[in-house]
Amino acid sequence: MRIAFVGKGGSGKTTLSALFSRHLARSGAPVLAVDGDINQHLAEALGYDGDLPAAPPLGAHLNAVKDHLRGTNPRIASAEAMIKTTPPGRGSRLLTLLGDDELHARHVRRVGDVPLMVTGEFEESDLGVACYHSKLGGVELYLNHLVDGPGEYVVVDMTAGADAFASGLFTRFDLTFLVAEPTRKGVSVYRQYRDHAREFGIRIAVVGNKVTGEDDLLFLKEEVGDDLLTHLVHSPFVRAAEQGREQGGLESLEAHNRHALNVLRETVDACPRDWATLHRHAVEFHLRNARAWAGKDLASQVDPDFVPGPASLI
């Protein structure tokens, strides 16, 4: 299952991405956390203190990622011919979650109990000439070529605001959790996401955060209605963790907030995977991006008789 955490900058989406990833890992579930935010703070939120070597970022090795994933697909002649939205076809190298393959071995490092993959920050050579979506291409290609199943989880901390809609990455998830503070600014991103996601049938659920009382909760209910799934209250545990003073592990998280994490998992587990729709969206945004960014028709890269899924691994 693929889960995105989105929201206004400062809403707490990175913190919730980390808490949810740790919650899943603590249960023994296979999980991969992915930092897809321009501000790369997920490792720190997971407890990284610099003692272990960081994994090479996907964004800095995009051509190598492409070369690995294209495999022997005859429709993709080279890594240079592949763009960030190119969907898999027969001959492509498909991935299983944390499988024994070159990409996972190179780009994943464990932070505490959670395997982590990072997109990477801007480099000096990027300044003034590149947008962050070029970095996110590695995440989009990864998800396009991943055949994950029920009970397996990829948790992606996304860029702030509605920026994810600048590419087809927003269609790569089974469920998107929109983290909202109980403020007008906090729910403004929700309205943007709701309207864009509705057009493509993308599932979203609002998670209230930093709720301090009934007035905050009532505000969220009035603003987002039935899309409000659950909420987290102000957390001394999180504040202590952010100051490097966490003690006792995740079991020390406040009872209400532990319950909220359970609700998130139950909601994700109840979402059925529709491989055909997932692939249809991938193809649609590939053709859009080819025309807009590559300046040419790359329909020939689409294998019309291929749909990824468990059967494609056989």
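Asker: Give a detailed account of the nonpolar core, specifying residues and quantitative values.
Answerer: Soluble globular proteins tend to bury their nonpolar side chains together. Grouped together as the largest cluster of nonpolar side chains are 45 residues, with contacts concentrated most on M117, Y142 and L143. The leading source of residues in this core is helix α6 (residues 184-200), at 6 residues. If we ignore the near neighbours within four places in the chain, the residues touching M117 are L32, A33, V34, D35, L58, L103, H104, H107, V108 and Y142. With 36 residues, the next largest nonpolar core counts M1, L16, L24 and L175 among its residues.

Asker: Any chance you could break down the packing of aromatic side chains for me, citing the residues and the numbers?
Answerer: Summed over the entire model, instances satisfying the criterion amount to 6 aromatic pairs. With a centroid separation of 5.3 Å and 55 degrees between ring planes, the pair formed by F200 and F285 is classed as tilted. One end of the pair, F200, is in helix α6; the other, F285, is in helix α10 (residues 275-294), with 85 residues separating them in the sequence. Each member of the pair, F200 as well as F285, carries the same accessibility label: buried. An aromatic cluster of at least three residues, connected via ring pairs, comprises F5, F20 and F177.

Asker: For the environment of K84, give the residues involved together with the corresponding values.
Answerer: Within the secondary structure, K84 is located in the loop between α3 (62-70) and α4 (102-107). Owing to a relative accessible area of 15%, K84 belongs among the buried residues under this scheme. Remark: the alpha-carbon pair of K84 and G138, spanning 54 residues in sequence, is separated by 6.8 Å. A polar side-chain atom of K84 sits 3.5 Å from a polar atom in the side chain of N289.

Asker: Which residues make up the pattern of salt bridges, and what values do they have?
Answerer: Where charged atoms from two side chains of opposite charge come close, those side chains can pair. The tally for this structure, following the rule as stated, stands at 18 salt bridges. A salt bridge links R90 to D305; the nearest nitrogen and oxygen atoms lie 3.8 Å apart. Here D305 lies in the segment after α10 and R90 lies in the loop between α3 and α4, a separation of 215 residues in the sequence. R90 gets classed as partly exposed once you look at its relative accessible area, which sits at 47%. Several salt bridges share partner residues, and in doing so they unite R2, D148, D174 and R273 into one network.

Asker: Outline the side chain of K13, listing residues and values.
Answerer: Within the secondary structure, K13 sits in helix α1 (residues 13-26). You can call K13 buried: its relative accessible area is 3%. Discounting chain neighbours no more than four positions away, the residues touching K13 are F5, V6, G7, D37, D157, M158, T159, A160 and V179.

Asker: Report on the pairing of strand β7 (residues 204-211), specifying residues and quantitative values.
Answerer: For β7, the buried fraction is high: 7 of the 8 residues fall into the buried class. Where strand β6 (residues 175-180) meets β7, 5 bridges bridge the pair, whose relative direction is parallel. Across the sheet, L178 pairs through a bridge with V206, a residue of β7. This β-α-β element, β6 to α6 to β7, shows right-handed connectivity. For the segment spanning β7, helix α7 (residues 214-224) and strand β8 (residues 228-233), crossover handedness is right-handed.

Thresholds, definitions, all that
Residues numbered from 1 in each chain as written. Predicted model: local features only at pLDDT ≥ 70, side-chain atom pairs only at ≥ 80, totals over all residues. Heavy atoms only, no water. Core = buried A, V, L, I, M, F, W, Y, C linked by side-chain atoms within 4.5 Å. Buried < 20%, exposed > 50% of the residue type's maximum accessible area, 1.4 Å probe, protein only. Helix = DSSP H or I, 4+ residues; strand = E, 2+ residues; numbered from the N terminus. Contact = heavy atoms within 4.5 Å. Phe/Tyr/Trp six-rings, centres within 6.5 Å; stacked < 30°, edge-to-face > 60°. Polar contact = N/O pair within 3.5 Å; in protein donor to acceptor, adjacent residues only side chain to side chain. Salt bridge = Lys/Arg side-chain N within 4 Å of Asp/Glu carboxyl O. Pairing = 2+ DSSP bridges. Right-handed = clockwise from strand over helix to strand, strands pointing away.

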